[in-house]
Amino acid sequence: MVTSEDLKVFLREIKEKVFSLRDCLEFDKLKNRIEEIEKELLKEEVWKNLDKIKEIQKEKNRLLETIEPIENITKRVLDLEEALTIAESEEEGYLLLKDLEKDIENIRSQIDNLEIKLLLKGQHDINNAIVSIHPGAGGTESQDWAEILMRMYLRWAEKKGFKVQIIDLQTGEEAGIKDVTFTVEGPFAYGYLKAEVGVHRLVRISPFDANKRRHTSFAAVHVCPEIEDNIQIDIKEDDLRIDTFRASGAGGQHVNKVSSAVRIVHIPTGIFVSCQTERSQHRNKELAMKILKSKLYNLMQKEKEEKMKALTGDKKNISWGNQIRSYILHPYRLIKDHRTDLEVYNVDQVLDGDIDIFIEAYLKKFAVSS
């Protein structure tokens, strides 16, 4: 049974971690910035500019997302210290120790989550994410694998409490998907999901092969941040080709009669975006343009990074064959991330959305702006 002395040691460790986190986050500076924002919001002239108000409120909300959990954990640690003192002074205080142990473990878990957020310092890490999944060569096999990956990310987002909107979904003839694009809305969605960019490899006994042979399938995952409205991207009208077509997904009689789906191609880069989830062609076009702007902005950022790498001698090449993770379902069951060397054997749990262990390992190893 845990003793009060054990709990004192645990609490001391947690308290040190909490105050170390406060120092890393420059907690007092963040609090001062909140006070500055609140004073700014009291000025009458600020409210004449709605865009400015939105920007200020957004900054305030982001600061509060960092400050409030730290404040809550600090208060809970101090409360636990007091409760432990009371438990030691009472005859039947040992009955409280089990509950205090659970509370301490709960706080430890919260601190671990906050430490991961500390690694999300990229300019757009806090933004929503736009995710696209494309199957590799191999027809039905790869298309089925792309759908399995899609489900994995949708389940992960659901567990995180994030909102998902499927923008475009092209289903395969036999099974699986030919292509999918969806948005994931929630704090740090892009910061987390950038860890998933790359080629994912599956090895299994094919459910589509009558001879039950082993097959290897590939699917590529692309992730970019959804950019804010205040970031301007210059897109010339002449550079766009806009097509309309009938939506192929569910939607009743409407999709069979009206060409509401929109595909926009940016001719100079070859980037294209399709949107068919809204009933209105205007709304589909609006969504498609928003995603196109995000993808073009992401491309510009990547080009800048590549130029910097060339100057600093970084010659790493990212290609279709350079898979980031292998999912082995036969002859043994194992998932291995080739960037971090992390190996996991609970394959079913991972495919059901438990991918935080891979995301956290990636962030700890590659804690750089992206």
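Here, every reference points to the structure presented above.
Criteria and thresholds
- Residues numbered from 1 in each chain as written.
- Predicted model: local features only at pLDDT ≥ 70, side-chain atom pairs only at ≥ 80, totals over all residues.
- Heavy atoms only, no water.
- Helix = DSSP H or I, 4+ residues; strand = E, 2+ residues; numbered from the N terminus.
- Buried < 20%, exposed > 50% of the residue type's maximum accessible area, 1.4 Å probe, protein only.
- Contact = heavy atoms within 4.5 Å.
- Areas by Shrake-Rupley, 256 points an atom, 1.4 Å probe, with all protein chains shown as cover.
- Pairing = 2+ DSSP bridges.
- Axes fitted to C-alpha atoms, helices over the stretch in contact; angles between N-to-C directions.
- Polar contact = N/O pair within 3.5 Å; in protein donor to acceptor, adjacent residues only side chain to side chain.
- Core = buried A, V, L, I, M, F, W, Y, C linked by side-chain atoms within 4.5 Å.
- Parallel < 35°, antiparallel > 145°, perpendicular 65-115°, else oblique.
- Left-handed = near helix turned anticlockwise from the far one by under 90°.
- Nonpolar A, V, L, I, M, F, W, Y, C, P; charged D, E, K, R; others polar.
- Expected span 1.5 Å × (residues − 1).
- Arc of directions from axis to C-beta.
- Salt bridge = Lys/Arg side-chain N within 4 Å of Asp/Glu carboxyl O.

1. A few points about the overall build of the chain
Link 1 in the chain: Across its full length, the chain holds ten helices and eleven strands.
Link 2 in the chain: The buried share of the chain, taken over its 370 residues, is 42%.
Link 3 in the chain: Taking the intrachain contacts of the chain between residues at least 6 apart in sequence as the baseline, contacts between residues at least 24 apart amount to 66%.
Link 4 in the chain: Looking at the chain as shown, the accessible area adds up to about 20900 Å², and 50% of this sits on carbon and sulfur atoms.

2. Quick notes on the sheet that holds strand E8 (residues 271-275)
Link 1 in the chain: With antiparallel pairing, three strands are arranged side by side in an open sheet as E6-E7-E8. Two strands bound the open sheet, and with one partner strand each, they are strand E6 (240-245) and E8. Pairwise comparison of adjacent strand axes, ignoring direction, gives a mean angle of 15 degrees for this sheet.
Link 2 in the chain: As paired elements, strand E7 (residues 261-266) and E8 share five bridges and run antiparallel to each other. Counterpart to Ile 264 in the pairing with E8 is Val 273.

3. Digging into the side chain of Asp 125
Link 1 in the chain: With respect to the secondary-structure elements, Asp 125 resides in the loop between helix H4 (94-118) and strand E1 (129-135).
Link 2 in the chain: Note on Asp 125: relative accessible area 0%, which makes it buried.
Link 3 in the chain: At 2.8 Å, the side chain of Asp 125 and the backbone nitrogen of Gly 122 are in polar contact.

4. Considerations on the nonpolar core
Link 1 in the chain: Core analysis: the biggest nonpolar cluster contains 40 residues, and Val 131, Ile 133, Leu 149, Tyr 153, Val 184 and Tyr 192 have the highest contact counts within it.
Link 2 in the chain: Residue assignment for this core shows that the elements contributing at least two residues are E1, helix H5 (140-160), strand E3 (177-185), helix H6 (189-193), strand E5 (214-225), helix H9 (347-351) and helix H10 (356-365).
Link 3 in the chain: Once residues within four sequence positions are removed from consideration, Tyr 192 is found in contact with Ile 116, Lys 117, Leu 120, Trp 156, Lys 160, Phe 162, Pro 187, Ile 359 and Leu 363.
Link 4 in the chain: Membership of the second largest hydrophobic core comes to 30 residues, among which are Val 18, Ile 53, Ile 73 and Ile 104.

5. Details of the packing of helix H1 (residues 4-24) against helix H3 (residues 50-89)
Link 1 in the chain: Where H1 meets H3, the axes come as close as 10 Å, and the angle between the chain directions of the two elements is 160 degrees. In terms of orientation, H1 and H3 fall into the roughly antiparallel class. Of the two possible hands of crossing, H1 and H3 adopt the one that is left-handed. Packed against H1, whose contacting residues are Ser 4, Glu 5, Leu 7, Lys 8, Leu 11, Ile 14, Lys 15, Val 18, Phe 19, Leu 21 and Arg 22, the element H3 presents Ile 70, Ile 73, Thr 74, Val 77, Leu 78, Leu 80, Glu 81, Leu 84 and Glu 88 at the interface.
Link 2 in the chain: Each residue belonging to the contact of H1 with H3 can be placed in one class, and the counts come to twelve nonpolar, two polar and six charged.

6. Some details on the sheet that holds strand E10 (residues 334-337)
Link 1 in the chain: In space, the eight strands of this open sheet follow the order E2-E3-E1-E5-E4-E9-E10-E11, with mixed pairing throughout. The open sheet terminates on both sides in strands that have one partner only, identified here as strand E2 (163-171) and strand E11 (343-344).
Link 2 in the chain: Pairing of E10 with E11 involves two bridges; the strand directions are antiparallel. For Lys 336, the partnering residue across the bridge sits in E11 and is Glu 343.
Link 3 in the chain: Each of E1, E2, E3, strand E4 (198-205), E5 and strand E9 (323-328) is contacted by H5, which is oriented at about 45 degrees to E5, the strand it contacts most.

7. Looking at helix H2 (residues 27-40)
Link 1 in the chain: The end-to-end C-alpha distance of H2, which contains 14 residues, comes to 20 Å, matching closely the 20 Å that a straight helix rising 1.5 Å per residue would cover.
Link 2 in the chain: Restricting attention to buried positions, one finds in H2 the residues Phe 27, Leu 30, Ile 34 and Ile 37. In an axial view of H2, the angular spread of the buried residues amounts to 75 degrees, which keeps them on one side of the axis. Across from the buried face of H2, at angles greater than 90 degrees, the exposed residues are Asp 28, Lys 29 and Lys 39.
Link 3 in the chain: Its buried side turned inward, H2 meets H1 and H3.

8. Some remarks on the pattern of salt bridges
Link 1 in the chain: Taken as a whole and judged by the stated rule, the model has 31 salt bridges.
Link 2 in the chain: The partner of Arg 241 in a salt bridge is Asp 243, with the nearest N and O atoms 3.5 Å apart.
Link 3 in the chain: On the basis of relative accessible area, Asp 243 is assigned to the partly exposed category, the value being 27%.
Link 4 in the chain: Where Arg 325 meets Asp 337, a salt bridge forms, and the shortest distance between an N and an O atom there is 3.2 Å. One end of the pair, Arg 325, is in strand E9; the other, Asp 337, is in strand E10, and twelve residues separate them in sequence.

9. Looking at the environment of Arg 108
Link 1 in the chain: Tracing the sequence through the fold places Arg 108 in helix H4.
Link 2 in the chain: Separated by 35 residues in the primary sequence, Arg 108 and Ile 73 place their C-alpha atoms 9.6 Å from one another.
Link 3 in the chain: The contacts of Arg 108, once residues within four sequence positions are left out, are Phe 10, Glu 13 and Ile 14.
Link 4 in the chain: Side chain to side chain, Arg 108 and Glu 13 meet in a polar contact 3.4 Å long.

10. Description of the pairing of E4
Link 1 in the chain: When you tally the buried positions in E4, you get six out of eight residues, the bulk of the element.
Link 2 in the chain: Bridge count between E4 and E5: eight bridges; the pairing is antiparallel. Looking at E5, one finds that Gly 198 is bridged to Val 221.
Link 3 in the chain: The pairing of E4 with E9 spans five bridges and is classified as parallel. Within E9, the position partnered with Val 199 by the bridge is Gln 323.

11. A few points about H5
One full turn of an α-helix is made of 3.6 residues, so residues set three or four places apart face in the same direction.
Link 1 in the chain: For H5, built from 21 residues, the straight-helix expectation of 30 Å at 1.5 Å per residue is met to within 8% by its first-to-last C-alpha distance of 30 Å.
Link 2 in the chain: Positioned one or two residues after H5, Gly 161 has a phi angle of 80 degrees, which is positive.

Purely geometric numbers; function is a separate question.
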